[in-house]
Amino acid sequence: MTTTLEPDGTSGAAASGGPAVGSSSARTASAGAAASGSGAGRSAAGWFTPLLRRLHFFAGLLVGPFILVAAVSGALYAITPTLEKVIYAHELTAASDAASVPLADQIAAAQTYLDDGASPVAVRPAPSPGDTTRVMFADESLPESTTRAIFVDPATTEIRGDLAAYGTSGALPLRHWISDLHRSLHLGDVGRWYSELAASWLGIVALAGLGLWIGRFARSRRGRRDVIRPNRRHGGYRRLSGWHSAVGVWVVLGALFLSATGITWSTFAGANVSDLRAAIGGGTPALTTTLDGSAPSGGDHAHHGGAASAQSGQTDAATFDAVLAISQRLNVDSGDVEIRPPSAAGRAWVVQEIHRSYPTEVDAVAIDGSSMTVIDRVDFADYPLLAKLSRWGIDLHSGTMFGLVNQLALFALALGIATLVVLGYAMWWKRRPTRGLASAPARGVLRHAPWWGVGAVLVAAVAIGLVLPFVGYTLVVFVVLDLLLGWRARRTSSSERSDTATR
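Description of the structure in this document. (Residues numbered from 1 in each chain as written. Predicted model: local features only at pLDDT ≥ 70, side-chain atom pairs only at ≥ 80, totals over all residues. Heavy atoms only, no water.)

## With respect to helix 7 (residues 192-219)
An α-helix turns once per 3.6 residues; consequently, residues spaced three or four apart project the same way. Put simply, the test is: Segments assigned H or I by DSSP are reported as helices when at least four residues long, segments assigned E as strands when at least two residues long, and all are numbered from the N terminus. Here the expected length of a helix is defined as 1.5 Å per residue gap, with one fewer gap than residues. In this scheme, the bend at a residue equals the angle between the axes fitted to the seven residues that finish there and the seven that begin there.
Compared with an ideal rise of 1.5 Å per residue, which puts 28 residues at 40 Å, helix 7 spans 41 Å between its outermost C-alpha atoms and is within 8% of the ideal. The largest bend in helix 7 is about 25°, located at Trp 201.

Below is the structure:
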């Protein structure tokens, strides 16, 4: 996505706003055009396409590496739910599919295995016959939001495995390692800046590329098929451009989807989106777990991780069976369930559905463990539309919504985006100048735009920068870089004209 799509499908530097680079006079003409803002299609009526061209070029060139890393790691992450089932088959599969014994017996088996007197912070009963139960314990030696999961055969109470499990997704070591690579490059909170930068700019680069593709398609009176599928008769730059255009138009909607859903997971833009949703009544309902009925904590970002926190004191294992039975009489009818004891005094037990595939089941109920009365309940059917769309978007992005089909589609989409980045750099390399940063589209686009066009661009830039802070920061860098390149082009042009005059 790093090089522009020409409106007429031609090759050569003329399509990017200047003559071919390869001789001294050509470089002088190119620098002069860049400095003056002149060139083909630079009239007041034709300012928008050159603007898209320059945005697509520089954003792709400078942000492309981040998008490439996110795409490749995302392709790996997309198939981890299936890999997890294969690699950890022994831990996830019970030796018997006979009837389950009470949860209290399964918990007692896990506690005997640990032999440290700890109480579980969460239990996930076997979803179906042949699956194992996860009894999850806090472990200070593990990273934040990670628990130690003991896998128990629900029929025989045999211990089938002992693994670290991350967050509400319950990701096991391989999946968590790839997830952390995709999210933060294993660099912690600072590393998450890279994924936010990639997610924020991916949608903008994709929209700019789509705008260029539409313009090219509308102007092409011949060979419109070449903008949908590459023309094999073309070679060199035109062949690369044809593939870039064809692959781009097929993945653009998916790229926009990944950008939008990825932003909801980001640190700064994600918080802005959650605040905006809450302001318009589209926030995710939170379950009240305080026994005094005070407002619940957490909210829209609860799905980003966060395992159950350790509670003080010992928990009666029989209560797990009791609260599960109560919840099943109310709104919990899925086999995928997590039961969490109170995290502190004055808190309720929570039974939460964790079924992430279609149809979505994430109902929850809070129960007072002493009186066995229901404190609060949340039903997915009552979620605001925006909250439902957010839940579905996250599950589609994670590859859990439609199982293997979802994962293969994400894998192909991520590879398509990675291919676009590589093709973009290959296009730039084919037309790289003998000196300078790149054969960039000509400068000075906004000088030829009407007043309302300049105003619209400025308002859009400020609005996007406020919602997507990393776009705002890097956009300032782009503008500064653009000004420096313009200053350098004018200086080079002036110097070469002086040399010519003296000769």
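## Section: the pattern of salt bridges
Condition: Salt bridges are counted wherever a side-chain nitrogen of Lys or Arg sits within 4 Å of a carboxyl oxygen of Asp or Glu. A simple rule labels every residue: compare its accessible area, found with a 1.4 Å probe on the protein chains alone, to the largest value its type can have, and call it buried under 20%, exposed over 50%, or partly exposed in between.
This structure, assessed with the given rule, holds eight salt bridges. For Glu 338, the salt bridge is made with Arg 340, and the minimal N-O distance between the two is 3.0 Å. With a relative accessible area of 23%, Arg 340 lands in the partly exposed category. Note that Asp 379 and Arg 377 form a salt bridge whose closest N and O atoms lie 3.1 Å from each other. What makes Arg 377 partly exposed here is its relative accessible area of 38%. What you see here is one network of salt bridges that share partners, running through Arg 124, Glu 338 and Arg 340.

## Let's talk about a nonpolar patch on the surface
As a reminder of what qualifies: Patch building starts from residues that exceed 30% relative accessible area and form no salt bridge, then joins like charges within 9 Å and nonpolar side chains (Val, Leu, Ile, Met, Phe, Trp, Tyr) within 5 Å. Working definition of accessibility: Shrake-Rupley area with a 1.4 Å probe, residue cover restricted to the visible protein chains.
A surface patch of nonpolar side chains, amounting to about 490 Å² of accessible area, comprises Leu 276, Ile 280, Leu 385, Leu 386 and Leu 389. If you tally residues by element for the nonpolar patch, the top one is helix 11 (residues 385-398), at three residues.

## So, helix 11
Our working definition: Residue contacts are counted whenever heavy atoms from the two residues lie within 4.5 Å of one another.
An ideal rise of 1.5 Å per residue puts 20 Å on 14 residues; helix 11 measures up with 20 Å between its terminal C-alpha atoms. Of the positions making up helix 11, those classed as buried are Ala 387, Lys 388, Ser 390, Arg 391, Gly 393, Ile 394, Asp 395, His 397 and Ser 398. Lining the buried residues of helix 11 we find helix 2 (48-78), helix 3 (80-87), helix 6 (173-184), helix 8 (236-265), helix 9 (268-279) and helix 12 (403-430). Following helix 11 by one or two positions, Gly 399 adopts a phi angle in the positive range, close to 85°.

## As for the nonpolar core
What counts is decided by this rule: The set of buried Ala, Val, Leu, Ile, Met, Phe, Trp, Tyr and Cys residues whose side-chain atoms join them within 4.5 Å is what this entry labels a nonpolar core.
Core analysis: the biggest nonpolar cluster contains 32 residues, and Val 63, Ile 67, Trp 201, Leu 202, Leu 258 and Ile 417 have the highest contact counts within it. For this core, the secondary-structure elements that each account for two or more residues are helix 2, helix 7, helix 8, helix 12 and helix 14 (469-502). Beyond its immediate chain neighbours, meaning those up to four positions away, Leu 258 contacts Leu 202, His 397, Leu 410, Leu 413 and Ile 417. The next biggest cluster of nonpolar side chains, apart from the first, holds 22 residues, and it includes Ile 107, Leu 114, Val 135 and Phe 137.

## Points about unusual backbone geometry
Following Tyr 358, the chain continues into Pro 359 via a peptide bond in cis, with omega recorded as -5°. Mapped onto the elements of the fold, Pro 359 is located in the loop between strand 6 (349-353) and strand 7 (364-368). Phi at Leu 185 is positive, roughly 60°, even though this residue is not glycine. Structurally, Leu 185 can be placed in the loop between helix 6 and helix 7. What makes Leu 185 partly exposed here is its relative accessible area of 30%.

## Description of the pairing of strand 8 (residues 373-378)
Selection criterion: What makes two strands pair is DSSP finding at least two bridges between them.
In the sheet, strand 7 pairs with strand 8 via five bridges, with the strands oriented antiparallel. Bridge pairing links Val 365 to Arg 377 in strand 8. Where strand 7 folds back onto strand 8 in an antiparallel hairpin, the turn is made up of four residues, including Met 372, whose phi is positive at roughly 55°.

Nothing here speaks to function; it is geometry throughout.
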